[in-house]
Every structure is written in C-alpha cells, then in structure tokens.
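# Structural characterization, general
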Amino acid sequence: MSSSVSGSKILSFGHYQPSRILTNDDLAQMVDTNDEWIQSRVGIKERRIADGESVADMAALAAEKALAASGLSATDIDLIVVATCSNSDRSPNTACRVAAKLGIGAPAAFDLNTACSGFSYALANADHAIKAGASKNALVIGVEKLSEITDWSDRSTCVIFGDGAGAAVVTAISEGEEPGIGPVVWGSDPSEAIAIEGWRPYIVQEGQKVFRWATTAVPAIALAACQKAGVEPAELGGFVPHQANLRIIEPLARKIGVNPDVLARDIVESGNTSAASIPLALSKMIERGEVKSGASVLLVGFGGGLTYAGQVIRCP
Ligand code: UT7
C-alpha cells in the first residue's frame, strides 16, 4: 500500500496568453461602451483574445513553461488537474489532451469546473491526492477561452472577459519539510447569478448581485484561509484574489489588512480570465520579481456557482 505524506509544495508556475490584444477602444467600435466606463467600473485596460489556440493548446503551453522551470521532466508527472469552464468538448477532457501534447505517459487526468474559483479547487485536489499517497508530482492548470462563450453584442459582459492559462507544478514535500500549500477553505452559495446555459452558451451574469456577494462574503473566506494557515494578512508577501474587478479586490485587500503593494492587479491588462486568473496573475508577478521565493501568498477564487475556495501557499 502506498504511504501518505504530510504535504505538498509548489515548485514553479508558468503562463500563456494569446498575442492578440483587444483594447477598450476596440470594444467601443463593437458595442455602446467607452474606455472611461470600463476603467472606472472594472479597472480593465485591455484583454487577450485567442485566435487559433484551443483551451488545450493554451493549457499545454502554460504547463510546458511551468514544467521547464520545475526541474522535473514530463514523465515525472502522475496527475493533471485542469480547471476550466470553457472547454468546448465533453470528452476527451483537457487534462488528457495536455498529457498527449506534452508526452506525459499515463497520468491520472481530470478536469473540474467551479468557474472562477477553479484553480484553488484544483490545487486543493492535487494537494489532497499527494497527501493520500495517490500521486507524487502534479500539474495544476487554470485555463479559459471565454471569448468563445462571450456574446459580443452584450456590453454588460463582453468588456469583462479574456483568454489565457496559468499552471503550477506541485510535488510531495520531503520528510521534515514545511508544507507549501495550506489548508483549503472552500464552499458554495446556491445562487445562479452567473450562468453559461447549454441552450444559449453565452456567459450571463447578474453583475450587481455577484458584486454584493463578492464584497460581503469573500473577506471572511480570505481571513479563514489565513487563519487555517497560521498567517497574519499583514505578513503576506502576495495576495492573488480572482481578478474579477479592481473595485472588488482593492477594497478586499484593505478590509483584510493586506499590504496593497502585494495585491495582484493583472485584471488591468488581462481582464477576467475566470479559472486562469489566479495562476496567470501570480506567474507574471513571480516573473517580474514582485513576489519573492518563500513568501506566503494568499489565493482566493470566487465566482460562478456561486463557488469559492482559497488557501495560503509558499511562493516557489
Ligand atoms: O468572475 C466571476 C465573478 N464576477 C464578479 O465578481 C463580477 C461582479 N460584478 C461587477 O464587477 C460589476 O457589477 C460589473 C463590472 C459587472 C458591472 O458594473 P456595475 O457598476 O455593477 O454596473 P451596472 O451593471 O449596475 O450598470 C450600470 C450602468 C447601466 O446603465 P443604466 O441602467 O444606469 O443607464 C448599464 O446599462 O452601466 C451600463 N453599462 C455600461 N455602460 C457602458 C453596463 N455595461 C456597460 C458598458 N459600457 N460596457
């Protein structure tokens, strides 16, 4: 019988964004909107839109970068978890497609859909699988091609979303080493304030309802994740909430007492990329040297379902 281990840690991050930029001025040519409204209400300047890339292509490109930075090789990976709500095929799942693209032999491979909280759910699943002794080295990916399920004539949604992917390589800790992934706080709220319905597969959301929920419920979730990890918010070297709206995440950082300098603000240049937003934002912060290796970083995902999940990690 395989023995359990006491925890896991993140070895590396990687990300991928399509090269095509869609600015607010571009959107103003398509619907009745303007740069001033979008920047003041949501904080977005531009977003990336996939052209030829599929969900699996973007996931594999982000995973490849994470893998290259991890010191592991593709054949070491025995688990792939992909968080996405925009994969166009029911089967095979994106995780199996990533395995095929990267030449990863026979990993356990599954997708999960908890929309914008997906990456934190996926990370918790990988951590739990490693602790249980079921897996040793995992690829955890958040990826979205929201442009494919966006109604480009609906100004209330089309200005918000973007495409991209972020990935992390997670491994078992050695004996005596501190865990690098803290306990997850996760749950849901039985509301359908954001939906992508089969009969009309476009994102629709009751913006103000979700806004109210995010500003009232998410602070307690963020604080609970810190408390479970035994970390004070003021000590965090990074805070990466789901990139939903600057008007949600800046007050959130203030409310829980996080240094505003360590808050991820990737929404400005990437828009809301749902399950991809957390790993994408953090990977870019690490690349720019904005979060130091060894720092405690709080991740908090929230969105469609409604669902939420958060945990504190140690930055690789
Ligand atoms: O990722 C999952 C989690 N999602 C979230 O956390 C989203 C939470 N919600 C939000 O971030 C905000 O509610 C939105 C950014 C979605 C919308 O901002 P808002 O300040 O709540 O705007 P609103 O929906 O209340 O609309 C205000 C006005 C309306 O016009 P009237 O009725 O006041 O005349 C809208 O028709 O703004 C209008 N409007 C726009 N105007 C210009 C809506 N979209 C646009 C637009 N350009 N793109």
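Residues numbered from 1 in each chain as written. Predicted model: local features only at pLDDT ≥ 70, side-chain atom pairs only at ≥ 80, totals over all residues. Heavy atoms only, no water.

Where helix α7 (residues 207-229) contacts helix α8 (residues 246-256), the two axes come as close as 10 Å, and the packing angle between them is 35 degrees. Helix-helix and strand crossings are classified by hand; for α7 and α8 the assignment is right-handed. Side by side, α7 and α8 meet where Phe211, Ala214, Thr215, Val218, Pro219, Ala222 and Leu223 of the first sit next to Arg247, Ile248, Leu252, Lys255 and Ile256 of the second. Across the contact of α7 with α8, the residue classes break down as nine nonpolar, one polar and two charged. (Axes fitted to C-alpha atoms, helices over the stretch in contact; angles between N-to-C directions. Helix = DSSP H or I, 4+ residues; strand = E, 2+ residues; numbered from the N terminus. Left-handed = near helix turned anticlockwise from the far one by under 90°. Contact = heavy atoms within 4.5 Å. Nonpolar A, V, L, I, M, F, W, Y, C, P; charged D, E, K, R; others polar.)

Tallied over the entire structure, the rule returns 14 salt bridges. Between glutamate 148 and lysine 145 there is a salt bridge; the shortest N-O distance is 3.3 Å. Under the relative-accessibility criterion, glutamate 148 is labelled partly exposed at 43%. Relative accessible area serves as the criterion here: at 9%, lysine 145 is assigned to the buried category. Among the charged side chains, a network of salt bridges with common partners joins Asp266, Glu269, Lys284, Arg288 and Glu290. (Salt bridge = Lys/Arg side-chain N within 4 Å of Asp/Glu carboxyl O. Buried < 20%, exposed > 50% of the residue type's maximum accessible area, 1.4 Å probe, protein only.)

If you look at the biggest cluster of nonpolar residues, it comprises 48 residues, and the most contacted ones within it are Phe239, Leu298, Val300 and Phe302. Put simply, the parts of the chain that give this core at least two residues each are α7, α8, β12 (296-303) and β13 (307-314). Broken down by element, the residue count for this core peaks at eight residues, all from α7. Residue-level mapping places this core at the junction of two domains, with at least three residues from each of domain 1 (8-172) and domain 2 (185-314). Look past the residues within four positions of phenylalanine 239 in its chain and what remains in contact with it is Leu252, Ala253, Ile256, Val258, Val262, Leu263, Ala264, Val297, Leu298 and Val300. (Core = buried A, V, L, I, M, F, W, Y, C linked by side-chain atoms within 4.5 Å. Domains from an automatic or database assignment.)

This part takes up the site of the ligand. Residues in contact with the ligand amount to 23 residues; listed here are only the nearest, Thr33, Arg41, Gln208, Asn245 and Asn272. For the ligand, an oxygen atom lies 2.8 Å from a polar atom in the side chain of arginine 41. Here asparagine 272 contributes a side-chain N or O atom positioned 2.7 Å from an oxygen atom of the ligand. Within the complex, the protein chains bury 74% of what would otherwise be the 960 Å² of accessible surface of the ligand. Cavity membership is defined here by more than half of the atoms lying within 2 Å of grid points; on that basis the ligand lies in the largest pocket. Breaking the shell around the ligand down by element, the ones donating at least two residues are α2 (35-41), α6 (155-158), α7 and α8. The element that contributes the greatest number of residues to the shell around the ligand is α7, accounting for four residues. Looking at the shell around the ligand residue by residue, the class counts come to 10 nonpolar, nine polar and four charged. Both of domain 1 (8-172) and domain 2 (185-314) provide at least three residues apiece to the shell around the ligand. (Near = heavy atom within 4 Å. Polar contact = N/O pair within 3.5 Å; in protein donor to acceptor, adjacent residues only side chain to side chain. Areas by Shrake-Rupley, 256 points an atom, 1.4 Å probe, with all protein chains shown as cover. 1 Å grid on protein atoms, 1.4 Å probe; cavity = no way out; pocket = protein on both sides within 12 Å on 5 of 7 lines; lining within 4 Å. Sits in = over half its atoms within 2 Å of the grid points.)

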